[in-house]
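Take a look at the letters that make up each chain.
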Amino acid sequence: MRKLTYFVACSIDGFIGDPSGDASSMYQFVNEEFLEFLKTEYPETISAEGRKMLGLEDLDSRQFDTVIQGRGSYQLALDANLTSPYGHLREYVATRSLEESPDANVTLIADDLVGAIRELKAEDSELGIWLCGGSQLAGELIDEVDELVIKTYPQVYGSGMPMFGSHFAVTDFTLESVRSFDNGVLVRKYVRKR
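Read on for an overview of the structure. Residue numbers restart at each chain and count upward from 1, following the sequence in its written direction. This being a predicted model, a pLDDT of at least 70 is required before a residue's local features are given, and a value of 80 or more before pairs of side-chain atoms are given or counted; all residues contribute to the totals for chains, interfaces and linings. To get the side-chain values, take all heavy atoms of the structure and skip hydrogens and water.

## Quick notes on the overall build of the protein
Thinking step 1. Here a strand is any run of E in DSSP of at least two residues, a helix any run of H or I of at least four, and the numbering for each starts at the N terminus. Broken down by element type, the protein carries five helices and ten strands.
Thinking step 2. Two things to know: the radius of gyration comes from C-alpha atoms, and the globule rule equals 2.2 Å times the number of residues to the power 0.38. Compactness check: the protein gives a C-alpha radius of gyration of 16 Å against a globular reference of 16 Å for 194 residues, within 12% of the reference.
Thinking step 3. Its C-alpha atoms put the protein at 45 × 40 × 35 Å along the principal axes.
Thinking step 4. The buried share of the protein, reckoned over its 194 residues, is 46%.
Thinking step 5. A contact between two residues is defined here by any heavy atoms of the two lying within 4.5 Å. A separation threshold of at least 6 residues defines the contact pool for the protein, and within that pool the share at least 24 residues apart is 69%.
Thinking step 6. Surface accessibility in these figures is a Shrake-Rupley result with a 1.4 Å probe; residues are shielded only by whichever protein chains are displayed. Total accessible area on the protein is roughly 10300 Å²; 48% of this is exposed by carbon and sulfur atoms. We call a residue buried when its accessible area falls under 20% of the maximum for its residue type, exposed when it is over 50%, and partly exposed in between, using a 1.4 Å probe and counting protein chains only.

Structure follows, in structure tokens:
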């Protein structure tokens, strides 16, 4: 069974973006040391455009071969005229508002989101599925999330878009590792208690 991993950036107080979902203030922390970590451990999480700009197109995936994101997260790419932001992965977008995919590499999921994720998890692959965001999608899929990899940036938002936009429910995870960076970023990995 493949794992669904919510690999996400957030503020110290647990927000993945400001009230409108903008997280661009976090970009300043992607310095040389942190980029080296991403290239080594999670190269597939660097967008296709970013890989091209950095000359990293040939990096093999290490953790994921599939990405799922919500309509709001995908809209950020569409606004930048990118119809397949992670073209090096199989891309899925959970949406009820798009009727037709703007890219052959992007599959839309309009109905039975949990069922679709369970089908992806049942596939035979050594690589997992990356839950890219956003908040509402993570909330809908909380029962399917097997791992959390939380990149915590040294900022406090005060309010904004929470990591999980869902109803209150306690869900236990076990801390597996913590890595700190000189710029104040922490990357924590949690595994779900089942």
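From this point, things continue past the structure.
## Here we look at the nonpolar core
Thinking step 1. In this text, buried Ala, Val, Leu, Ile, Met, Phe, Trp, Tyr and Cys residues form a nonpolar core when linked through side-chain atoms within 4.5 Å. Among the nonpolar cores identified, the biggest contains 25 residues, and Phe-34, Phe-37, Trp-130, Tyr-153, Val-185 and Val-187 are the most heavily contacted of them.
Thinking step 2. With residues up to four places along the chain from it excluded, the contact list for Phe-34 reads Phe-29, Lys-151, Tyr-153, Phe-181, Asn-183, Val-185 and Val-187.
Thinking step 3. With 24 residues, the next largest nonpolar core counts Ile-129, Leu-141, Val-145 and Ile-150 among its residues.

## A word on the environment of Ile-150
Thinking step 1. Here Ile-150 lies in strand E7 (residues 147-152).
Thinking step 2. C-alpha separation for the pair Ile-150 and Val-178, spaced 28 residues apart in sequence, amounts to 9.6 Å.
Thinking step 3. Once you skip the residues sitting within four places of it in the chain, Ile-150 turns out to touch Val-8, Cys-10, Met-163, Leu-186, Val-187, Arg-188 and Tyr-190.

## Concerning the side chain of Lys-151
Thinking step 1. Along the chain, the position of Lys-151 falls in strand E7.
Thinking step 2. Counting rule applied: Lys, Arg positive; Asp, Glu negative; His and chain ends not counted. Here a salt bridge means any side-chain nitrogen of Lys or Arg lying within 4 Å of a carboxyl oxygen belonging to Asp or Glu. Nearest to the buried, unbridged Lys-151 among oppositely charged side chains is Glu-44, at 12 Å.
Thinking step 3. Other than its neighbours up to four places away in sequence, Lys-151 contacts Phe-7, Val-8, Ala-9, Cys-10, Phe-34, Leu-186 and Val-187.

## Quick notes on the layout of surface pockets
Thinking step 1. In this structure, the second largest pocket encloses a volume near 290 Å³.
Thinking step 2. Lining the second largest pocket are 13 residues, with Ile-142, Ser-166, His-167, Ala-169 and Thr-171 positioned closest to its centre. Cavities and pockets were defined on a 1 Å grid built over protein atoms only: a cavity is a set of grid points that admits a 1.4 Å probe from which the probe cannot escape, a pocket is an open set flanked by protein on both sides within 12 Å along at least five of seven lines, and lining residues are those with an atom within 4 Å of any such point. Grid points are joined across faces, edges and corners, and a volume is the space filled by probe spheres set on the points.

## Concerning the sheet that holds strand E5 (residues 106-109)
Thinking step 1. The eight strands lie next to each other as E5-E4-E3-E6-E1-E7-E10-E9, forming an open sheet whose pairing is mixed. At either margin of the open sheet sits one strand with a lone partner, and together these are E5 and strand E9 (173-180). Put simply, the sheet's adjacent strands are angled 20° from each other on average, direction ignored.
Thinking step 2. Of the pairings in the sheet, the one linking E9 to strand E10 (residues 186-192) comprises seven bridges and is antiparallel in character. Considered in E10, the bridge of Arg-179 is made with Val-187.
Thinking step 3. Axes, fitted as lines to C-alpha atoms, cover a helix only where it is in contact. Angles between the N-to-C directions of the axes lie from 0 to 180 degrees. Here helix H3 (residues 71-79) sits on the sheet and contacts strand E3 (64-70), strand E4 (90-94), E5 and strand E6 (128-133); the angle it forms with E3, its principal contact strand, is near 100°. Here, a strand pair is defined by DSSP locating no fewer than two bridges between the strands.

## Quick word on unusual backbone geometry
Thinking step 1. A cis amide bond links Gly-133 to the next residue, Gly-134, at an omega of 10°.
Thinking step 2. By the element assignment, Gly-134 lies in the loop between E6 and helix H5 (135-140).
Thinking step 3. Phi is positive for Asp-112, which is not a glycine, with a value near 50°.
Thinking step 4. Examined against the element boundaries, Asp-112 turns out to sit in the loop between E5 and helix H4 (113-122).

## Digging into the pattern of salt bridges
Thinking step 1. Considering all chains together, one arrives at twelve salt bridges under this definition.
Thinking step 2. Among the ionic pairs, Glu-144 bridges to Lys-121, the shortest N-O distance being 3.4 Å. Taken as a pair, Glu-144 in the loop between H5 and E7 and Lys-121 in helix H4 lie far apart in primary sequence, 23 residues in all.
Thinking step 3. You can call Glu-144 buried: its relative accessible area is 8%.
Thinking step 4. Put simply, Glu-176 and Lys-189 hold a salt bridge, and the shortest N to O gap is 3.4 Å. Pair noted here: Glu-176 is in strand E9 and Lys-189 is in strand E10, with a separation of 13 residues, a long-range link.
Thinking step 5. The exposure class of Lys-189 is buried, given its relative accessible area of 18%.
Thinking step 6. Each of Arg-118, Lys-121, Glu-144, Asp-146 and Arg-194 takes part in one network of salt bridges that share partners.

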